[in-house]
8 protein chains.
Amino acid sequence: MEHDIRMLLEGVRTGAVSVDDAEAALRVKPFEDLGYANVDLHRQMRQGASEVIYGEGKTASQIAGIVRALQDAGQPRVLVTRLSAEKADAVKDAGIPLEYHELPRIGIVGGKPEPDAEGYLLVATAGTSDVPVAEEAALTAEMLGCSVRRAFDIGVAGLHRTLARMDDIMGARAIVAVAGMEGALASVIGGLAACPVIAVPTSVGYGASLGGVAALLSMLNSCASGVTVVNIDNGFGAAYAAAKILHQ
Amino acid sequence: MEHDIRMLLEGVRTGAVSVDDAEAALRVKPFEDLGYANVDLHRQMRQGASEVIYGEGKTASQIAGIVRALQDAGQPRVLVTRLSAEKADAVKDAGIPLEYHELPRIGIVGGKPEPDAEGYLLVATAGTSDVPVAEEAALTAEMLGCSVRRAFDIGVAGLHRTLARMDDIMGARAIVAVAGMEGALASVIGGLAACPVIAVPTSVGYGASLGGVAALLSMLNSCASGVTVVNIDNGFGAAYAAAKILHQ
Amino acid sequence: MEHDIRMLLEGVRTGAVSVDDAEAALRVKPFEDLGYANVDLHRQMRQGASEVIYGEGKTASQIAGIVRALQDAGQPRVLVTRLSAEKADAVKDAGIPLEYHELPRIGIVGGKPEPDAEGYLLVATAGTSDVPVAEEAALTAEMLGCSVRRAFDIGVAGLHRTLARMDDIMGARAIVAVAGMEGALASVIGGLAACPVIAVPTSVGYGASLGGVAALLSMLNSCASGVTVVNIDNGFGAAYAAAKILHQ
Amino acid sequence: MEHDIRMLLEGVRTGAVSVDDAEAALRVKPFEDLGYANVDLHRQMRQGASEVIYGEGKTASQIAGIVRALQDAGQPRVLVTRLSAEKADAVKDAGIPLEYHELPRIGIVGGKPEPDAEGYLLVATAGTSDVPVAEEAALTAEMLGCSVRRAFDIGVAGLHRTLARMDDIMGARAIVAVAGMEGALASVIGGLAACPVIAVPTSVGYGASLGGVAALLSMLNSCASGVTVVNIDNGFGAAYAAAKILHQ
Amino acid sequence: MEHDIRMLLEGVRTGAVSVDDAEAALRVKPFEDLGYANVDLHRQMRQGASEVIYGEGKTASQIAGIVRALQDAGQPRVLVTRLSAEKADAVKDAGIPLEYHELPRIGIVGGKPEPDAEGYLLVATAGTSDVPVAEEAALTAEMLGCSVRRAFDIGVAGLHRTLARMDDIMGARAIVAVAGMEGALASVIGGLAACPVIAVPTSVGYGASLGGVAALLSMLNSCASGVTVVNIDNGFGAAYAAAKILHQ
Amino acid sequence: MEHDIRMLLEGVRTGAVSVDDAEAALRVKPFEDLGYANVDLHRQMRQGASEVIYGEGKTASQIAGIVRALQDAGQPRVLVTRLSAEKADAVKDAGIPLEYHELPRIGIVGGKPEPDAEGYLLVATAGTSDVPVAEEAALTAEMLGCSVRRAFDIGVAGLHRTLARMDDIMGARAIVAVAGMEGALASVIGGLAACPVIAVPTSVGYGASLGGVAALLSMLNSCASGVTVVNIDNGFGAAYAAAKILHQ
Amino acid sequence: MEHDIRMLLEGVRTGAVSVDDAEAALRVKPFEDLGYANVDLHRQMRQGASEVIYGEGKTASQIAGIVRALQDAGQPRVLVTRLSAEKADAVKDAGIPLEYHELPRIGIVGGKPEPDAEGYLLVATAGTSDVPVAEEAALTAEMLGCSVRRAFDIGVAGLHRTLARMDDIMGARAIVAVAGMEGALASVIGGLAACPVIAVPTSVGYGASLGGVAALLSMLNSCASGVTVVNIDNGFGAAYAAAKILHQ
Amino acid sequence: MEHDIRMLLEGVRTGAVSVDDAEAALRVKPFEDLGYANVDLHRQMRQGASEVIYGEGKTASQIAGIVRALQDAGQPRVLVTRLSAEKADAVKDAGIPLEYHELPRIGIVGGKPEPDAEGYLLVATAGTSDVPVAEEAALTAEMLGCSVRRAFDIGVAGLHRTLARMDDIMGARAIVAVAGMEGALASVIGGLAACPVIAVPTSVGYGASLGGVAALLSMLNSCASGVTVVNIDNGFGAAYAAAKILHQ
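Since the model is a prediction, treat every value here as computed from it, not as a measurement. (Residues numbered from 1 in each chain as written. Chains lettered and ligands numbered in written order. Predicted model: local features only at pLDDT ≥ 70, side-chain atom pairs only at ≥ 80, totals over all residues. Heavy atoms only, no water.)

Focus: the overall build of chain A
Alright, step 1. For chain A, the count of helices and strands is 11 helices and 11 strands.
Alright, step 2. Scored against the burial criterion, the 248 residues of chain A give a buried share of 64%.
Alright, step 3. Contacts spanning at least 24 positions in sequence make up 66% of the contacts within chain A whose residues lie at least 6 apart.
Alright, step 4. A total of about 8300 Å² of accessible surface is found on chain A, and carbon and sulfur atoms cover 52% of it. (Helix = DSSP H or I, 4+ residues; strand = E, 2+ residues; numbered from the N terminus. Buried < 20%, exposed > 50% of the residue type's maximum accessible area, 1.4 Å probe, protein only. Contact = heavy atoms within 4.5 Å. Areas by Shrake-Rupley, 256 points an atom, 1.4 Å probe, with all protein chains shown as cover.)

Next comes the structure, spelled out in structure tokens:
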């Protein structure tokens, strides 16, 4: 943005740009208004990430429209999260070549890129039921250019299962720890790992799990220093943050 | 109670007891009404435990009065919980030979009994700040005739500290796991131990620990099967339950 | 584990075991990784319990796979909890000889074992609606080798119904008290019984019962000393803890 | 109010009252504006009760002012609730002949009236710590013309203590059941009594009692039909409702 | 119960009753155990009310079974609450002559009794959506022998609608005030009425109404003295309490 | 109302109105009781607004009945909110010429009026998923005579999108800011705008958004002075308040 | 800001402003950084309001420093909210001529301005305890150029007190309704008034008032259309919003 | 740990280490048990960080003891968080050369190290009251070898203040965004920055801020992708996580 302003002002000074145009330009926003959505066409540049579409609450035709606008603007790869199987079919029917992953309810356009970040991200889960959220994280990270290792069902009630993945834990550049119920996995991994650990509480559980709030509170209060937390079931957000770390 | 009723009815049948007396007796309660409190004089018999006075919300003279009533009824040992140092002094001034433990705010009358239960109770804490609650549990259990081992500051963020006490964990007949913050200690011990594990959430923590609610929820949702939970900071209750188990 | 390590080291000392093998062995975990789950093959040894599969969030074929892995490892009896009728049919169709209990949504493979613990566990409920949770507890306990007595619909609003089961309450080695709404049954039984009482709040109720939170809080605050609590509707957890007590 | 309107309109019709005066009168309110408070001078008439001053958040001189306004309007008896000892002294210093009750923090002006309602109100508590709230209820009811019996420390953890007061429970015209912790007393009494039962949760307890919310929820979910509930620690409100019932 | 015990003891004294029989009788409970439910056959006597069956969580055949047990015990009138239309049909198919009220989801067996209490109960609602809960209250009260007046949709946002029913408010012997959203109706009526007011919060509303919790809290904090409250949507409970008041 | 009373009293004075009639008139309420609803026929006069029907919890025939009563009373324009598509069809079938808007679930009878207020209302949303609530607000405001501008999907995570609508923000007479998730849009707009800003939290989000409570709390705690808030998803309420402001 | 940019660009075009200077200017912010605070020197211009200092969490010398910075920038009138008496004294000692209002804990520098808005703001309270918050609102509004009428202690439990201020309610251009407990005042006034009503919940109450949350929820769910709400005890925010409305 | 095991086993193989010693060594933990605390002497090695002492809930002599144990083990630099001024004095009196920072309540032993990580960490706050938490973060990061820039009081209600620090935001390698109230700063910065953003909610605010829960929920629901969150007021935790990122 810095450069844009300066270049514009130089243009005004030399007369190459009129005051009216310059004022307009200073107001121009790098997005396209589709009526129902303002599609950000510069984010890749500005934040170093592929575009992501949050599929929930958007119709298939809206999703298809946004994908097209992005592709027209030169972004070949698009990730669509929280996409139901039905909606995915409709998006495909609208002519978008979508690769659909049912468990994490994710659609991918343009395929996964080659990893361009050093090291790997470890995505771990406490139980089998946490896998859908973990896969959302893993696929997102892969779409953002990360290499990913998976360590599923290694919850601390069977501590030997956790410790069996010690090597993966010690070698990771970042870890996404996914757990529902009491979320203790985050604390144990947080105490073992040298790298940043991002905890994802899941809504797995019942009764006093309060839809994931118990795991969320548990992770926020982790006795392991430096564990950070994202919203319940937010595998995408954890991976997005992790990808920033791996690309540092 | 079974026997009492039968004996009474036999008395009525034989004429040894009048109907009026029997009716009265059937209504007689095995407690003494001090006005401000109904002191239970038969609990030792009925539940196999020493009498306990919950000190909070009682004046020193009320406490002294109850102790005396109990001693008059033949109960030499009394445990007073949640007793402030000031109130303890006042109880002593009232002539009660009280031994005061400041950290767990407990007063003991009549000294600790010899352990009469098999095996030992392990009282473990995640951190140093959980020790007062743990000591409330440990002293209570000792007053109820248990042998107690302490394992303090063995929280899972330093897993090697937890595992260092593996022998004590594996050998216990019951474990009271005391932890604030995210309370993960209960899950890890619950996964390791073969004996019953009673978890005590503590109010140690800040912010989203919500005064111990985070640890409480965590423990209730423990992924380790068979962990049971008591109220926040309720070291006494955990020990009481554990003592029942050790005396089985 | 103690013995394993020692035997291994002796092997190294005598040359019977190479350093590489010993290191590997020290890392070997006693579980089988099915991809979607790490099946614990040693738990029976380590914790004295049959294997349990939490059916929620697992597909029928995953459940069947785990059952087979367990049976291959020599565990004839498996308990599957939170199993819907549809999934139970699918598990049977996959060739697993499952005995299905609809009310508590439990599947049993290999039949109930003979009780091998002294005394009996009393499972009590406040109302008729609490029975499914109570049956989950009762069947679990039976699968874990306990003898069980049932006392259903004895809530304290009709105190004579509670007192009518006085004998069963007084004679039990442990009691699981199941109640929704205000959960007062736990306090009344807790005050009467000499044995450990484990309270199970249920989600029975409406409005301010908040899905069982009212009963949960009530039980955590029980005025009866030594009542411990498990998660809402967690009949399994209560029975698991009770079975540990009965097997002491 | 019915009569007032009619009399006024008759006056207008006969010319005894001008339209302007009538309009004004129709707007006149039966209270005195002291600046800081609108003192209701007609409530005794309208609702059949003595005036009550909620002492919290009012200065001693404001309280004294309201008492005087009420006495000037012919109301000899005034009840001041939630009145600290310091403020009570200041009110006395301001020349108001106040009789102060420290435990329930109540001030009484003009003494208690003779009971004018049939039967008696039973005020029961679960524990000793609930007595201050219970005394607020008892004194309020007495000030409102009720005869009151007290049954303190009869909580259900010692059921024989509860049952010992069976006669008082069965004979009451209304019962105020005061309990903190899990508030089970309300359900047990609610199941035994034929008369209306008003439950008062107290803030007695700690941890997951959440300042009385646990008892409140418990009482709202009582399995005993027809128990109604007031705010936490609101002994006054329960007595006010009970007095209405006794005066029916 | 008083009399029963005395008569029994007299029988023992005179030899008319053996000790064994007396002991058994003292244990006999006035209910019938249907396996799934303990049907209370003496409640009518003990509490002056018809028997009520809470339909939720019971099967149609269980409900039919309980109705028959009650009728066999001489109770002609039975009220079944929280009964879905489908289940009502099934109960009828099972041969029970049930009169079904769809809005309040209530089934009545044996018809409404003649009112046997003095005065009338006013059942008021704030809005149209509160009517189902109000009708549950009104029908329950009628089944319990009360005369009922209805005043629906008189919420305080249109204060003239509230005041239009001033006569009904002033003349009632008890009022059940039913309101969702902010529940202010209870406070306004509570300030106007001389009789006891029982507030029923409803789950009507959205967002921050939190399923009726907003109305519940509002009513518990009513600035009008002596308003008592029941659980959210608990029209039955309010009517039960009101019926006790009207029958005093 | 002022005038009504005065005119009535003048009538009484001159004898044109009898006392009985005057008393009755003073009690007459300006609404029609349809049995299930008290339709307010004077609100337009009293509050300067068209009549609104809250469609939720009313049957199609009730809605049709209220519309007819309003039209008979001379109110041509009616807004029906929270109206499902099915119910809308049924209302049309009942002969009411309803114009239905599916996204905001609104029905309009009598068409939109010409704007009669100065300036315009800006309705802004953070995301695409907030549009239904925003449209409820926009249509409501238009029905109440406001000119409306829409600025959708301008959330602060893409700040340039927000700033692109700076002119619309600076020029508005009132702003309704609609946002779910963390609701930060309200604070940013609140800091920029000179006019009143009304924030509408939406239930858009998941996990710790707690059904819109996160956005609600966020908006209530806005660091921007003078932002006021309505209930979650309450586009109608925000527009109603805004229309009052624009008509000042 | 619009004009600033245009003027600047014109300067660049004519050469009167260098590109460097223009770029710098476009970055210049209209505030002064005091190290501990960024004092906004242009807000008066931008939002038409005097500067306000939130006193909580600032030292007396910080407050004095900000006041001086503002006065140096030509803003004679400053309002300091949430200012304790001690801190007010210290600010005065630092040489700032502060006029302190103890009840609402407000400090005023430069005196109140003449009202410059049409009509008046009505500030109403339910009770006497709500007055401090109401005074914060009233003083704030007066500092922002509004004429204010006060109507205190007119809560709906004494509806005649509310109706006695009917004229003030009907004539206001905006109303700030301040109430704790159940906050019903907002709904009743909201139903009566034609002008915008801003509700301020207060923390007045106890127990289930949850520190004002009950009143907050009540007001958010008001059945009166168009009531908007601010944070608990936020008299300042309500007045700020009201002042915007009065200055439209 | 990997190496330790291997080296040990080699020792056993060669006979240099006896089986008994090896078994003991495999159990040796790299910490020192001071009775009240298990001081971790290897963490610096294992996780690359200086040792940190959480001062809350430890006595001055305990803190001094831990510092000494660490220094004896060769760790010259120690950070003590949540340390009151009084306790700091006592630690100094115990002979520990502590440098105390009052605002963030932090004690430093051994001085700050030279920054050893690339780039800088930006610590930003919304308001002046958030500075103590921000300083805790800043000092912690500096103690962990990070270079830190501070940007305080740049909350989004004055968006120009936020944008004025655009350069610092764009250039950072990680950002810690500290905000109370509605916490919107995290979303705005999260949308602008390319680096990882860690949000710290603070307990700054009142009423519905619920002690920081509002800001916490807001941040967890941030519409800006990839913002991660720590516990309320947990400046230390945020800095610890950030330091891990900067040292990648």
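Points about a negative patch on the surface
Residues and elements named next belong to chain A.
Alright, step 1. On the surface, a cluster of negative charge is made up of Glu 86, Asp 89, Asp 93 and Glu 102.
Alright, step 2. Of note, Asp 93 is situated in helix α5 (residues 85–93).
Alright, step 3. Residue Asp 93 is classed as exposed on the basis of its relative accessible area, which comes to 66%. (Patch = residues over 30% accessible without salt bridge, like charges linked within 9 Å, V, L, I, M, F, W, Y side chains within 5 Å. Salt bridge = Lys/Arg side-chain N within 4 Å of Asp/Glu carboxyl O. Lys, Arg positive; Asp, Glu negative; His and termini not counted. Charge placed at Lys NZ, Arg CZ, Asp CG, Glu CD.)

Examining the sheet that holds strand β5 (residues 98–101) of chain B
Residue and element names in this part refer to chain B.
Alright, step 1. Strands sit in the order β3-β4-β6-β5 across an open sheet of 4 strands; the sheet is mixed. Both edges of this open sheet fall to β3 (51–54) and β5, since each of them pairs with a single strand only. Each neighbouring strand pair of the sheet contributes to a mean axis angle of 20°, computed without reference to strand direction.
Alright, step 2. Of the pairings in the sheet, the one linking strand β4 (residues 78–81) to strand β6 (residues 106–109) comprises 3 bridges and is antiparallel in character. Each residue of the ladder has a partner; that of Leu 79, found in β6, is Ile 108.
Alright, step 3. Against the sheet, helix α6 (residues 131–143) touches β4, β5 and β6, its axis set at about 15° to β6. (Pairing = 2+ DSSP bridges. Axes fitted to C-alpha atoms, helices over the stretch in contact; angles between N-to-C directions.)

A closer look at the environment of Ala 238 of chain B
Residue and element names in this part refer to chain B.
Alright, step 1. Along the chain, the position of Ala 238 falls in helix α11 (residues 235–246).
Alright, step 2. Residues Ala 238 and Gly 205, spaced 33 residues apart in sequence, show a C-alpha to C-alpha distance of 20 Å.
Alright, step 3. If we ignore the near neighbours within four places in the chain, the residues touching Ala 238 are Val 176, Ile 198, Val 200 and Val 230.

Quick look at the interface of chain E and chain D
Alright, step 1. Listed per partner, the contact involves 33 residues of chain E and 33 residues of chain D.
Alright, step 2. When chain E packs against chain D, the two sides together hide about 2700 Å² of surface, and 51% of this comes from carbon and sulfur.
Alright, step 3. The three residues of chain E that bury the most area against chain D are Leu 220, Lys 244 and Gln 248 of chain E, which together make up 21% of that side's buried surface.
Alright, step 4. In this structure, the connection of chain E to chain D is made through 0 salt bridges.
Alright, step 5. Put simply, chain E and chain D have 8 residue pairs in polar contact (both at pLDDT 80 or more) between them. (Buried area = accessible area lost by both parts, 1.4 Å probe. Polar contact = N/O pair within 3.5 Å; in protein donor to acceptor, adjacent residues only side chain to side chain.)

Regarding the relation of the copies chain E and chain D
Each copy of the chain is related to the other by a rotation around an axis and a translation along that axis.
Alright, step 1. Superposing chain E onto chain D takes a rotation of 180° combined with a translation of 0.0 Å along the rotation axis, leaving an RMSD of 0.1 Å. What we have between these two chains is a two-fold relation. Relative to the rotation axis, the C-alpha of Val 229 of chain E is the closest in chain E, positioned 2.5 Å from it.
Alright, step 2. An overlap of 100% is found between the interface residues of chain E and their copies at the interface of chain D, pointing to a shared contact surface. (Least-squares fit on C-alpha atoms with pLDDT ≥ 70 in both.)

Concerning the domain arrangement of chain A
Residues and elements named next belong to chain A.
Alright, step 1. Domain parsing of chain A yields domain 1 (4–109) and domain 2 (120–246).
Alright, step 2. Taken as a group, Arg 82, Leu 103 and Pro 104 account for 35% of the area that domain 1 buries against domain 2, more than any other trio of residues on that side.
Alright, step 3. Our enumeration of links across domain 1 and domain 2 arrives at 1 salt bridge.
Alright, step 4. Our count for the contact surface shared by domain 1 and domain 2 stands at 2 residue pairs in polar contact (both at pLDDT 80 or more).
Alright, step 5. Of all the elements in the fold, those that place two or more residues in the side of domain 1 that touches domain 2 are α3 (43–47), β4 (78–81) and β6 (106–109).
Alright, step 6. Across the side of domain 1 that touches domain 2, the residue classes tally to 9 nonpolar, 4 polar and 3 charged. (Domains from an automatic or database assignment. Nonpolar A, V, L, I, M, F, W, Y, C, P; charged D, E, K, R; others polar.)

Topic: the sheet that holds strand β3 (residues 51–54) of chain F
Residue and element names in this part refer to chain F.
Alright, step 1. Read across the open sheet, the 4 strands follow the order β3-β4-β6-β5; overall the sheet is mixed. Looking along the sheet, the strands with just one partner apiece sit at the ends: β3 and β5 (98–101). Going across the sheet, the axis of each strand differs from the next one's by a mean of 20°, ignoring polarity.
Alright, step 2. Sheet topology places β5 next to strand β6 (residues 106–109); 4 bridges connect them, and they run antiparallel.

A word on helix α10 (residues 213–220) of chain C
Alright, step 1. The buried fraction of α10 of chain C amounts to 8 of the 8 residues, a majority that puts the element mostly inside the structure.
Alright, step 2. Along α10 of chain C, the positions that sit buried rather than exposed are Val 213, Ala 214, Ala 215, Leu 216, Leu 217, Ser 218, Met 219 and Leu 220 of chain C.

Notes on the packing of aromatic side chains
Alright, step 1. Enumeration according to the criterion identifies 16 aromatic pairs over all chains in this entry.
Alright, step 2. Over the ring of Tyr 120 of chain A we find Arg 149 of chain A, and its NZ or CZ is 3.8 Å from the ring centre. (Phe/Tyr/Trp six-rings, centres within 6.5 Å; stacked < 30°, edge-to-face > 60°. Lys NZ or Arg CZ within 6 Å of the ring centre and 35° of its normal.)

Things to note about unusual backbone geometry
Alright, step 1. Phi is positive for Asp 233 of chain E, which is not a glycine, with a value near 65°.
Alright, step 2. Mapped onto the elements of the fold, Asp 233 of chain E is located in the loop between β11 (227–229) and α11 (235–246).
Alright, step 3. Taking the relative accessible area as the measure of exposure, Asp 233 of chain E reaches 16% and is therefore buried.
Alright, step 4. Not every positive phi belongs to a glycine, and Asp 153 of chain H is a case in point at roughly 60°.

Some thoughts on the pairing of strand β7 (residues 120–125) of chain D
Residue and element names in this part refer to chain D.
Alright, step 1. Here β7 lies mainly inside the structure; 6 of its 6 residues are buried.
Alright, step 2. Residues Tyr 120, Leu 122 and Ala 124 of β7 are buried on one face, and the alternating residues Leu 121, Val 123 and Thr 125, pointing to the opposite face, are buried as well.
Alright, step 3. Where β7 lies against strand β8 (residues 147–151), 5 bridges are found, and the strand directions are parallel. Residue pairing across strands places Ala 124 opposite Ala 151, the latter belonging to β8.

A look at the side chain of Thr 140 of chain A
Alright, step 1. Here Thr 140 of chain A shows up in helix α6 (residues 131–143).
Alright, step 2. Its relative accessible area of 0% is what places Thr 140 of chain A among the buried residues.

Focus: the confidence of the model for chain A
All names here are of chain A.
Alright, step 1. In the predicted model, chain A carries a mean pLDDT of 86, and the fraction of residues at 70 or more is 83%.
Alright, step 2. This model gives residues 42–48 a pLDDT under 50, and the stretch forms 19 contacts once residues within four places in sequence are excluded.
Alright, step 3. Scored as a whole, the predicted complex attains pTM 0.89, and scored at its interfaces, ipTM 0.85. (pLDDT = per-residue confidence, 0-100.)

Considering the pattern of salt bridges
Alright, step 1. This structure, assessed with the given rule, holds 56 salt bridges over all chains.
Alright, step 2. For Glu 136 of chain C, the salt bridge is made with Arg 82 of chain C, and the minimal N-O distance between the two is 3.5 Å. Residue Glu 136 of chain C is located in helix α6 (residues 131–143), and its partner Arg 82 of chain C is located in the loop between β4 (78–81) and α5 (85–93); the two are separated by 54 residues in the primary sequence. Like Arg 82 of chain C, Glu 136 of chain C is buried.
Alright, step 3. Note that Glu 142 of chain D is salt-bridged to Arg 150 of chain D, the shortest N-O span being 3.2 Å.
Alright, step 4. The structure contains a network of salt bridges with shared partners spanning Lys 112, Glu 135, Glu 142 and Arg 150 of chain A.

Here we look at the packing of helix α6 (residues 131–143) of chain F against helix α11 (residues 235–246) of chain F
Residues and elements named next belong to chain F.
Alright, step 1. Where α6 meets α11, the closest approach of the two axes is 7 Å, and the angle between their N-to-C directions is 35°. The two elements α6 and α11 meet at a crossing, and its hand is right-handed. Residue-level inspection shows Val 133, Glu 136, Ala 137, Thr 140 and Ala 141 of α6 in contact with α11, the latter providing Gly 235, Phe 236, Ala 239 and Tyr 240.
Alright, step 2. Of the residues assigned to the contact of α6 with α11, the class counts are 6 nonpolar, 2 polar and 1 charged. (Left-handed = near helix turned anticlockwise from the far one by under 90°.)

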